[in-house]
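# Overview (structure and organization)
Now for the letters of each chain:
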Amino acid sequence: MDNNQKSKEGTDQSDLVSEDGKNTKSVLCQRCGSKVLCPGIAVFTENELFLPSMRKKSGLSNTEGSVDGDTLAAHWLVDDMYSFENVGFTKDVGRIKYLICADCEIGPIGWHCLDDKKKFYVALDRVNHE
C-alpha cells in the first residue's frame with residue numbers, strides 16, 4: 001500500500017504516516033484536545049468501517065431506527081488497548097464497542113470488534129494530529 005495516497009475522504013496522509021506506516025504525530029480529540037495516542041504507536045490502515053455520527057456517549061447506545069453516520073476508510077490501527085493515552089469505550093452495540101474520548105466523551109472516534117481483541121481502529125477524520 002502506498003502511504004502517500006489520499007483516502008476516499010480526501011485526507012492527505014503523507015505528513016501523518018512514517019515510512020514504516022506508523023503515526024508521526026500525536027492523535028488528539030477534535031473537541032477537547034486530549035491526547036489519544038502518542039507518535040509511533042499506531043499503524044495506518046485502510047479498512048471501510050461504519051461509525052455513527054459524533055455525539056456524547058449517552059446518544060451512542062440509542063439503537064432505535066436507523067443510525068446516522070459515515071463509512072470511513074482511513075484508520076489508525078492499535079493492537080493493544082493499553083497503548084492509548086486517553087480513550088473510553090461505549091457499552092456493547094452488538095459485537096462492537098465504539099471508542100470515545102475519555103475526557104469529554106465525544107465520539108465515536110473509533111471502533112473495536114469484540115471478536116478480535118487485538119484490533120482497535122481510530123478514524124483519521126474523527127481526530128486531530130499535532
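In case you missed it, the structure is sitting above this.
Everything in this summary refers to the structure shown in the same document. In this text, all values refer to a predicted model and were calculated from it rather than measured experimentally. (Residues numbered from 1 in each chain as written. Predicted model: local features only at pLDDT ≥ 70, side-chain atom pairs only at ≥ 80, totals over all residues. Heavy atoms only, no water.)

### Description of the side chain of H75
Stated precisely, the cut-off is as follows: Runs of H or I in DSSP of at least four residues are treated as helices and runs of E of at least two as strands, each being numbered from the N terminus. Polar contact is the term for a pair of N or O atoms within 3.5 Å; when the atoms are in protein, one must be able to donate a hydrogen and the other to accept it, and sequence-neighboring residues count only if both atoms are side-chain atoms. Whether two residues are in contact is decided by their heavy atoms: any pair within 4.5 Å suffices.
Here H75 shows up in strand β5 (residues 69-78). At 3.1 Å, the side chain of H75 and the backbone oxygen of N47 are in polar contact. The contacts of H75, once residues within four sequence positions are left out, are V43, F44, T45, N47, L49, Y121, V122, A123 and L124.

### What about the sheet that holds strand β9 (residues 110-113)?
The line we're drawing: Two strands pair if DSSP finds at least two bridges between them.
Pairing in this open sheet of six strands is antiparallel, and the strands run β3-β5-β10-β9-β7-β6 from one edge to the other. For this open sheet the edge positions go to β3 (43-52) and β6 (88-89), each flanked by a neighbour on one side alone. Sheet topology places β9 next to strand β10 (residues 120-123); three bridges connect them, and they run antiparallel. Note that in β10 the partner of W111 across the bridge is Y121.

### Structural notes on the nonpolar core
Put simply, the rule is: Note on terminology: a nonpolar core comprises buried Ala, Val, Leu, Ile, Met, Phe, Trp, Tyr and Cys residues joined through side-chain atoms within 4.5 Å. The buried label goes to any residue with under 20% of its type's maximum accessible area, the exposed label to any with over 50%, and the partly exposed label to all in between, with areas taken from a 1.4 Å probe on protein chains only.
Core analysis: the largest hydrophobic core is formed by 18 residues, its most contacted members being V27, L37, W76, F84, L99 and V122. Secondary structure elements with two or more residues in this core: β2 (35-37), β5 and β10. Ranked by residue count, the leading element in this core is β5, at three residues. Counting nine residues, the second largest nonpolar core, distinct from the first, contains L49, Y98, C113 and Y121.

### Some points on the sheet that holds strand β1 (residues 27-29)
Let me state the cut-off plainly: A fitted line through C-alpha atoms serves as each axis, taken over the contacting stretch for helices, and the angle formed by two N-to-C directions is quoted from 0 to 180°.
The strand order β2-β1-β11 describes an open sheet built from three strands, whose pairing is antiparallel. Only two strands of the sheet have a single partner each, and these edge strands are β2 and β11 (127-129). Strand-to-strand twist of the sheet, defined as the mean angle between neighbouring strand axes without regard to direction, takes the value 45°. As paired strands, β1 and β2 are joined by two bridges and run antiparallel to one another. What sits directly across from L28, in β2, is K35.

### Side note on the pattern of salt bridges
Condition: By convention in these notes, a salt bridge is any Lys or Arg side-chain nitrogen within 4 Å of a carboxyl oxygen on Asp or Glu.
The final tally for this structure, using the stated rule, is five salt bridges. Across the salt bridge formed by D70 and R126, the nearest N and O atoms sit 3.1 Å from each other. One end of the pair, D70, is in strand β5; the other, R126, is in the loop between β10 and β11, and 56 residues separate them in sequence. Residue D70 is classed as partly exposed on the basis of its relative accessible area of 37%. The shortest N-O distance in the salt bridge between D116 and K119 comes to 3.9 Å. Classification of D116 as partly exposed rests on a relative accessible area of 29%. Residue classification places K119 among the partly exposed residues on the basis of a relative accessible area of 36%.

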